[in-house]
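Secondary and tertiary structure notes
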Amino acid sequence: MPFRFLTPDWVVLDVLRLPLDALEAQGIKGFIFDLDNTIMPPHTAELSEAMRDWLTSLTARGLAYIVVSNNHNIAYMKQAEDHIGVRVLGPAKKPSRTILREALDLLELPVNQVCVVGDRPLTDIWGGQRLGATTILVDPLQRANEKGHIHVLRALERLFIQVPPRERCIGYTTTYTTPASEC
Ligand SMILES: [Mg+2]
């Protein structure tokens, strides 16, 4: 039985496929990205070249972004911040809204113009929904380095999300959990 509070507005295979035209059409002007497994493989503190180019293209479109992480390693987040070139706020304790609200203030945007993007329903999506923002669930960039309990938790929480309509699932085939073959 899916829970309403775990219903992302979109599910997208990865951040690079975010539907920017549609999001801009609904008035989105900024993003709050999760860090680990959303824009960066965990424990790397480095962006892929494709992700860096994509983030640069956001700025070129006039879209703002900031990063909010639940990671507790301050030195790691500072390293990531230096690498990405925007603020990385945390540890955020998502789904708590405290740091997400700080991110909104820094973006200088009202919540209805901001989209929260992350790979975890119980932290990123729930937090974004509690904030009142548009939410997008992405698949994790890398599962190999995940601790066992996170892997199990991820599978469980995805069982309980309510999947948005087909047109709001991007990069998947018949069910939102099956990546399209051309991906
Ligand atoms: Mg994450």
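None of these values were measured; they are calculated from a predicted model.

All right, on to the sheet that holds strand 5 (residues 114-118) then. Here 7 strands make up an open sheet; going across it, the order is 4-3-2-5-6-1-7 and the pairing parallel. The strands lining the two open edges of the sheet, one partner per strand, are strand 4 (88-89) and strand 7 (169-170). One ladder, built from 2 bridges, connects strand 1 (residues 10-12) with strand 7; its direction is parallel. Looking at the pairing, Val 12 lines up with Ile 170 of strand 7. Lying over the sheet, helix 4 (residues 98-107) contacts strand 2 (30-33), strand 3 (64-68), strand 4 and strand 5, oriented at roughly 155 degrees with respect to strand 3.

Let us look at the nonpolar core. The tendency in soluble globular proteins is for nonpolar side chains to be buried as a group. The biggest cluster of nonpolar side chains holds 39 residues, and the ones touching the most others in it are Ile 32, Val 67, Val 68, Cys 115, Val 117 and Ile 136. Residues within four places of Cys 115 in sequence aside, it is in contact with Leu 23, Ile 28, Phe 31, Ala 133, Thr 134 and Ile 136.

Attention now goes to helix 5 (residues 121-131). In terms of residue burial, helix 5 counts as a mostly covered element, since 8 of its 11 residues are buried. Of the residues flanking the end of helix 5, it is Gly 132, one or two places downstream, whose phi is positive at about 95 degrees.

So, on to unusual backbone geometry. The peptide bond linking Gly 90 to Pro 91 adopts the cis configuration, its omega dihedral lying at 0 degrees. Omega for the bond connecting Lys 94 with Pro 95 falls within 30 degrees of zero, at 25 degrees, which places this linkage in the cis form. Relative to the helices and strands, Pro 95 is located in the loop between strand 4 and helix 4. A positive phi angle, near 65 degrees, is found at His 43, a position not held by glycine. Looking at the element boundaries, His 43 is found in the loop between strand 2 and helix 2 (49-60). Taking the number of C-beta atoms within 10 Å as the measure of exposure, His 43 has 12 and is therefore exposed. We note that Ala 45 has phi near 60 degrees; this positive angle belongs to a residue other than glycine.

The side-chain alternation of strand 2 yields two buried faces, one formed by Gly 30 and Ile 32 and the other by Phe 31 and Phe 33. By the bridge criterion, 4 bridges tie strand 2 to strand 3 in an arrangement that is parallel. Bridge pairing links Ile 32 to Ile 66 in strand 3. Read from strand 2 through helix 2 to strand 3, the crossover connection turns out right-handed. Sheet topology places strand 2 next to strand 5; 4 bridges connect them, and they run parallel. Residue pairing across strands places Phe 31 opposite Cys 115, the latter belonging to strand 5.

When you line up the elements, Met 40 lands in the loop between strand 2 and helix 2. Judged by the 24 C-beta atoms lying within 10 Å of it, Met 40 falls in the buried class. Spatially, the C-alpha atom of Met 40 lies 8.8 Å from that of Ala 80, the residues being 40 residues apart in sequence. Not counting chain neighbours up to four residues away, the residues in contact with Met 40 comprise Leu 35, Ala 45, Glu 46, Leu 47 and Ala 80.

The side chains of a regular strand alternate, first on one face of the sheet and then on the other. Most of strand 6 (residues 134-138) sits inside the fold, with 5 of its 5 residues counted as buried. Relative to strand 6, strand 1 runs parallel, the two being bridged by 3 bridges. Across the sheet, the residue bridging to Val 12 is Val 138, located in strand 6. As paired strands, strand 5 and strand 6 are joined by 4 bridges and run parallel to one another. Each bridged residue has a counterpart across the sheet, and for Gly 118 the counterpart in strand 6 is Leu 137. The β-α-β motif built from strand 5, the intervening helix 5 and the parallel element strand 6 has right-handed crossover chirality.

Conventions used here
- Residues numbered from 1 in each chain as written.
- Predicted model: local features only at pLDDT ≥ 70, side-chain atom pairs only at ≥ 80, totals over all residues.
- Pairing = 2+ DSSP bridges.
- Helix = DSSP H or I, 4+ residues; strand = E, 2+ residues; numbered from the N terminus.
- Contact = placed C-beta atoms within 7 Å.
- Axes fitted to C-alpha atoms, helices over the stretch in contact; angles between N-to-C directions.
- Core = buried A, V, L, I, M, F, W, Y, C linked by C-beta atoms within 7 Å.
- Buried ≥ 20, exposed ≤ 12 C-beta atoms within 10 Å, placed from the backbone.
- Right-handed = clockwise from strand over helix to strand, strands pointing away.

Geometric values such as these leave the question of function open.
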